[in-house]
Amino acid sequence: MKKATLFALKEDRDAILLALQKDGNIMLISEGDKTQTLEGADKVGDQIAKAKDALKFVDLHGKKDSMFAPRLPVSYDSFLHESKEGSELADQIEALSGKIMSLRNEASTMTSQVDALQPWTDLDIPLEQLAPTDTSVYFAGYLPELEKEAFLEDIKELAAEPIVLKEAPEGRAMLIFCLKEDAARLKHFLKAHDFTDVVFPKRTGLVSEIAVDLTEAARVKNLRADELEAEAKKIAESKAELQLYYDQLTAKEERLANGGVETEKTFYMEGWVRNDRTVQVERAIRSVTDAYQIEFNDPAEGEIPPTEMENNSFVKPYESVIELYSRPQAGSIDPDFLMAPFHFIFFGMMLSDAGYGLVLTIGLLIAMKLVKPQGFAGKLGMVILFGSISTVIWGALFGGWFGLELHPLLFVPMKEPLKMLALCFGLGVLHLVCGMLLKAYMQIRDGDVFGAFCDEISWLIMFAGFFCMAFVPGPVGKYLALAGAAIIVLTGGREKKGIPAKLMGGLLSLYNISGYMSDLLSYSRIFALGLATGVIAMVINTIAQMLMEAGPVGTAVAVLVLLGGHLFNIVINVLGAFVHSSRLQYIEFFGKFYEAGGKAFVPLAIRTKYMNVTK
């Protein structure tokens, strides 16, 4: 990575940022409080929020996009001209949404009022006449149903007249009249019986008439809201313009977010550029102005540039596996070139059914043709696609076709488990050795040849000795193992002070052999997952076969069991194969050499959610 420093005139800044965004090769660096957010950034942020809400409204009231809907193409020149129709649609939908929400809320409030008035509909006194007089008062409210009998009996001792109405969730509706001089006594009496007051709405007429009026008013408001929602469905037909407008705003917001540091007439900004893209960046600036100065320098001491991984078309999708973990630090090794083939192999061995692999391959090819996923999703889709191809290969080798055994080209794992375990452990050894060799290479590259020999090569010598002891006649293996162990003991504690401490450190280093054995045993999961896939498939076939013996109905159910069961088995075991293949990379492989913690290289570029911009 090179660090670019650009000086130019303020009057050219918008054009320069636009050219750099189109070029997509520089990641701008924020200078904290010094960095200028360009004029209009806040307004664009508000417009984005409005457009986003409008799109949610359209999705809610219109036809949702299919998950296989392709991105609509738009030329770069068209993308630069902010969609006036999209802006007007956002404003229109904001107003429409507000009206619909207001109408629904008003209708809901009226409906709630009608529900509250239902217990009082038998009251034959207009509400406007329900008021204290010079000599009398009234109490309206609810009495718990359990208190009703005792209440009506006890109230006979008072100079009061109760009117009992309908029952409600709050209790029995009651209206009680009494003389004004008895009001305090009656109020105390009501409190003792858990009587709760009610407040009537400020309306005139009988309660039954008010309820009818409110119901009709709520119906009218809901009807108007329905009409506006029908209007919204028509607006949804122009959804593409709204999506274009949203993408245009997000691209504009990214340009305005970093205007660099400015003086009265000039500005400067810094950014990271790949070593092989400096010419393109300068060419982009030169296309809009000659009044500039740009420098490309190596990172200063202590500066950590972002990480950009560069791989061929087969390996590139596997960058998504690393991104799920952590990017490599700048200056370290991108392990994709070694990780990709192992992930490909492990995935296929774990799924290990050629029929499942064919279904998955065809399904993914169709889905990716329709959807055309981009970015991380596109990479992840390709990893699963490559894994499905690997599944076809390993399934054919092991003779697995939808849980049936058909002409294995190698052997059947369930019949020869020791061979399968040996294959898994053999691949595990190769995987771990590659990780150790990468670590040795990194140490040699950094000038620590002695460290590479003592910390990595010594273990490889000892493991080579163990291999020879098992498979090669003669004492060669024993001598190699002893030589490797001796190097580990003599150099494992070289960082410590004093000969006794160094020797003790070396002896303790030898104990790390248990860690290597634990790592190696982890590769037995390849056999376990492959076995699980095959056994579940066989169980599904057995159940279906038993159902078929029950006649036509059983046969129909058996078809459903076969389709649903095998589909479930594919989905659950694809997930398992991906997770565990990745885990073998993260824990066993990366644990030997990987330096994580890299920062992603995210250049200023046109990133869209809905449109496919063609430059």
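Here goes a summary of the coordinates provided. It should be emphasised that the depicted structure is a prediction, and the values quoted were computed from it without experimental measurement.

About the criteria used
Residues numbered from 1 in each chain as written. Predicted model: local features only at pLDDT ≥ 70, side-chain atom pairs only at ≥ 80, totals over all residues. Heavy atoms only, no water. Pairing = 2+ DSSP bridges. Helix = DSSP H or I, 4+ residues; strand = E, 2+ residues; numbered from the N terminus. Buried < 20%, exposed > 50% of the residue type's maximum accessible area, 1.4 Å probe, protein only. Contact = heavy atoms within 4.5 Å. Expected span 1.5 Å × (residues − 1). Bend = angle between axes of the 7 residues up to and from the residue. Phe/Tyr/Trp six-rings, centres within 6.5 Å; stacked < 30°, edge-to-face > 60°. Lys NZ or Arg CZ within 6 Å of the ring centre and 35° of its normal.

**Some words on the sheet that holds strand β5 (residues 160–168)**
The sheet built from four strands is open, its strands ordered β5-β6-β4-β7 with antiparallel pairing. A strand with exactly one partner marks an edge of an open sheet, and here the two such strands are β5 and β7 (196–197). Where strand β4 (residues 136–143) meets strand β6 (residues 171–179), eight bridges bridge the pair, whose relative direction is antiparallel. Counterpart to Y138 in the pairing with β6 is F177.

**Quick look at the side chain of S83**
You can see S83 is positioned in the loop between α3 (76–80) and α4 (84–117). By relative accessible area, which is 8% here, S83 ends up buried. Sequence-distant contacts of S83, defined by excluding residues within four places in its chain, comprise E241, L244, Y245 and Q248.

**Side note on helix α15 (residues 449–471)**
Given 3.6 residues to a turn, an α-helix orients residues that are three or four positions apart in the same direction. Relative to the 33 Å expected for 23 residues at 1.5 Å per residue, α15 spans 31 Å between its end C-alpha atoms, a close match to the ideal helical length. At I457, α15 shows its largest kink, close to 40°. Taken as a whole, α15 has its buried residues at G451, A452, C454, E456, S458, W459, L460, M462, G465 and C468.

**Here we look at unusual backbone geometry**
Not every positive phi belongs to a glycine, and D194 is a case in point at roughly 60°. Here D194 shows up in the loop between α6 (183–192) and β7. Of the residues examined, D194 reaches a relative accessible area of 48% and is grouped as partly exposed. Positive phi values are uncommon outside glycine, yet H407 reaches one of about 45°. Within the secondary structure, H407 is located in the loop between β13 (404–405) and α14 (417–445).

**Quick word on the packing of aromatic side chains**
Counted by the stated rule, this structure contains 29 aromatic pairs. Seen in terms of ring centroids, Y325 and Y586 are 4.8 Å apart; in terms of plane orientation they differ by 15°. Their pairing is stacked. Of the two residues, Y325 is situated in helix α10 (residues 319–325) and Y586 in helix α20 (residues 552–589); the sequence distance between them amounts to 261 residues. According to the relative accessible area criterion, Y586 is buried, its value standing at 15%. Relative to Y516, the ring of W459 lies with its centre 4.9 Å away and its plane at 40°, an arrangement referred to as tilted. In this pair, W459 sits in helix α15 while Y516 sits in helix α18 (residues 513–521), placing the two residues 57 residues apart along the sequence. Each member of the pair, W459 as well as Y516, is classed as buried. Grouped by ring-pair contacts, the aromatic residues Y325, Y586, F589, F590, F593 and Y594 constitute a single cluster. In this structure, R13 is placed above the aromatic ring of F267, and the distance from its NZ or CZ to the ring centre is 5.3 Å.

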